[in-house]
There are 2 protein chains.
Amino acid sequence: MPRSVDLHARRREIADAMLRLVETRGLAAATVRETAVAAGVSLGAVQRCFATREEMLLFALTRINERFTARVLTTVTPGAPPRDAARTLITEMLPLSEPGRADARVALAFLGVAAEDPQVADALAVAHRNARAFFIRHLAEFGGTPVDATRLLALVDGLRAPLLLGHLSPADAQEAIDAHLHSLFA
Amino acid sequence: MPRSVDLHARRREIADAMLRLVETRGLAAATVRETAVAAGVSLGAVQRCFATREEMLLFALTRINERFTARVLTTVTPGAPPRDAARTLITEMLPLSEPGRADARVALAFLGVAAEDPQVADALAVAHRNARAFFIRHLAEFGGTPVDATRLLALVDGLRAPLLLGHLSPADAQEAIDAHLHSLFA
DNA sequence: ATCGAATCAATACAGTTGTATCGGAAAGGT
DNA sequence: ACCTTTCCGATACAACTGTATTGATTCGAT
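Predicted model only: the values in this text are computed from it and were never measured.

Procedures and definitions
- Residues numbered from 1 in each chain as written.
- Chains lettered and ligands numbered in written order.
- Predicted model: local features only at pLDDT ≥ 70, side-chain atom pairs only at ≥ 80, totals over all residues.
- Least-squares fit on C-alpha atoms with pLDDT ≥ 70 in both.
- Contact = placed C-beta atoms within 7 Å.
- Domains from an automatic or database assignment.
- Nonpolar A, V, L, I, M, F, W, Y, C, P; charged D, E, K, R; others polar.
- Axes fitted to C-alpha atoms, helices over the stretch in contact; angles between N-to-C directions.
- Helix = DSSP H or I, 4+ residues; strand = E, 2+ residues; numbered from the N terminus.
- Parallel < 35°, antiparallel > 145°, perpendicular 65-115°, else oblique.
- Left-handed = near helix turned anticlockwise from the far one by under 90°.
- Buried ≥ 20, exposed ≤ 12 C-beta atoms within 10 Å, placed from the backbone.

Chemist: Is there a simple way to explain the relation of the copies chain B and chain A in this structure?
Modeler: There are two copies of the chain, and a rotation about an axis plus a shift along that axis relates them. Between chain B and chain A, the superposition needs a rotation of 180° and an axial shift of 0.0 Å, giving an RMSD of 0.0 Å. Between the two chains, the operation in question is that of a two-fold axis. Relative to the rotation axis, the C-alpha of Gly-158 of chain B is the closest in chain B, positioned 1.8 Å from it. In this assembly the copies share their binding face: 100% of the residues contributing to the interface of chain B also contribute to that of chain A.

Chemist: Got a minute to help me understand the domain arrangement of chain A in this structure?
Modeler: Often, the extent of an interface is quoted as the loss of accessible area upon association of its parts. Residues and elements named next belong to chain A. Here chain A is described as being made up of domain 1 (1-51) and domain 2 (64-184). Placing the centre of domain 1 and that of domain 2 at their C-alpha centroids yields a distance of 29 Å. Contacts between the two partners involve 5 residues from domain 1, matched on the other side by 6 residues from domain 2. Class assignment of the residues belonging to the side of domain 1 that touches domain 2 gives a composition of 3 nonpolar, 1 polar and 1 charged.

Chemist: Before we go on, may I ask you to explain the packing of helix α6 (residues 98-114) of chain A against helix α6 (residues 98-114) of chain B in this structure?
Modeler: A pair of packed helices is characterised by two quantities: the angle between their axes and the separation of those axes. Relative orientation of the contacting elements α6 of chain A and α6 of chain B amounts to 150°, with a least axis distance of 7 Å. In terms of their interaxial angle, α6 of chain A and α6 of chain B are classed as roughly antiparallel. The way α6 of chain A lies across α6 of chain B gives a crossing that is left-handed. Residue-level inspection shows Leu-108, Ala-109, Leu-111, Gly-112 and Val-113 of chain A of α6 of chain A in contact with α6 of chain B, the latter providing Leu-108, Ala-109, Leu-111, Gly-112 and Val-113 of chain B. In terms of residue class, the contact of α6 of chain A with α6 of chain B is made up of 8 nonpolar, 2 polar and no charged.

Chemist: What am I meant to see in the environment of Val-46 of chain B here?
Modeler: All names here are of chain B. Within the element layout of this structure, Val-46 appears in helix α3 (residues 43-49). On the neighbour-count criterion, Val-46 (22 C-beta atoms within 10 Å) is buried. Once the C-alpha coordinates of Val-46 and Ala-15 are considered, the two residues, 31 residues apart in sequence, prove to be 9.8 Å apart. Here Val-46 is in contact with Ile-14, Val-32, Thr-35, Ala-36 and Val-41, once residues within four sequence places are set aside.

Chemist: I would appreciate a short explanation of the environment of Pro-99 of chain B in the present structure.
Modeler: Mapped onto the elements of the fold, Pro-99 of chain B is located in helix α6. Separated by 28 residues in the primary sequence, Pro-99 of chain B and Arg-71 of chain B have C-alpha atoms spaced 8.8 Å apart.

Here it is as structure tokens:
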């Protein structure tokens, strides 16, 4: 085994470089070549890590899913009043802070191709069902129904794009969230 | 004035052909050439109607906006009970029927590029603000607040992607809508 | 020290992209 | 009938795409 290189680590680095490109210049700009440059490796190195661009794309998608859930879950503080916990969690899910905005840009880009790319759609399905299961589980703890969870998740998802694109002010979004949580916890 | 051709009509035909491509095969497949073929005209004809692909894209975006609002507004039946009217309207906004699914596919595709294309973002901003103003106006008729309108619109927007991609069943979506309208009209 | 496998940079390739150019066809005014 | 203007199909072009190939380099095991 000569020239040992940690392939898995490199795959991650390349995927992260690709995500950086998607965040700043969109999915179309994340070509194999550009990604190689952004990752600081050669085109050949990328090609050995990923057989095709599609494979690279899907791996990057699983990466950002993990990144997003990890970031959001750090806000979960056990023992906090359920309503405050929900408010904190939802705030982190929205594109309000800069990491949140970056993730939202990537999420929107992938959503755009999901309609035509079944593999991307599948990956998003997993993420969506996980999020829904999480919401259902946590709302159940104080009497919330699955329908409540569906509503809350849809509300958060529906606020993402207008917030990111500046069609909706953060204040208006926060107001909507608070009103919804108020009616939910009443 | 020789060889008189209705440029405006042709622009519309070409834009519609482009939208058909976006619906079926995504934005990336809607190249200038493919659009020309789909519209049944030559590449040169497209080039005279639109100076650049971007111009064609933006025109197509305004077209689908008009198409969507026209379709949704036909469901408005004056004199109906407000809650039923809202339910009918919202059902038409979601990707449940086939025209609704087609529009949702296009909407998702454009959303994906909006983050990197300010002109697309602006066009979507107009559509979003119109929809919000409409919701605010109509909810105000029976005591609904602007925040209620923001919540309802976000809920609808948030149900669109999971419905289109099959992550959420139409029944679950309908349930969520009904629960939300119930709490809104109580 | 040498061999062989793993790695990768460089290059090649065929295809597609948006856009520019240009010659001729079509048609209304004269 | 003739010109002039409008139109448009064909072609050209440079840039870029994803992927394949290949020859050198590197390093661990023998």
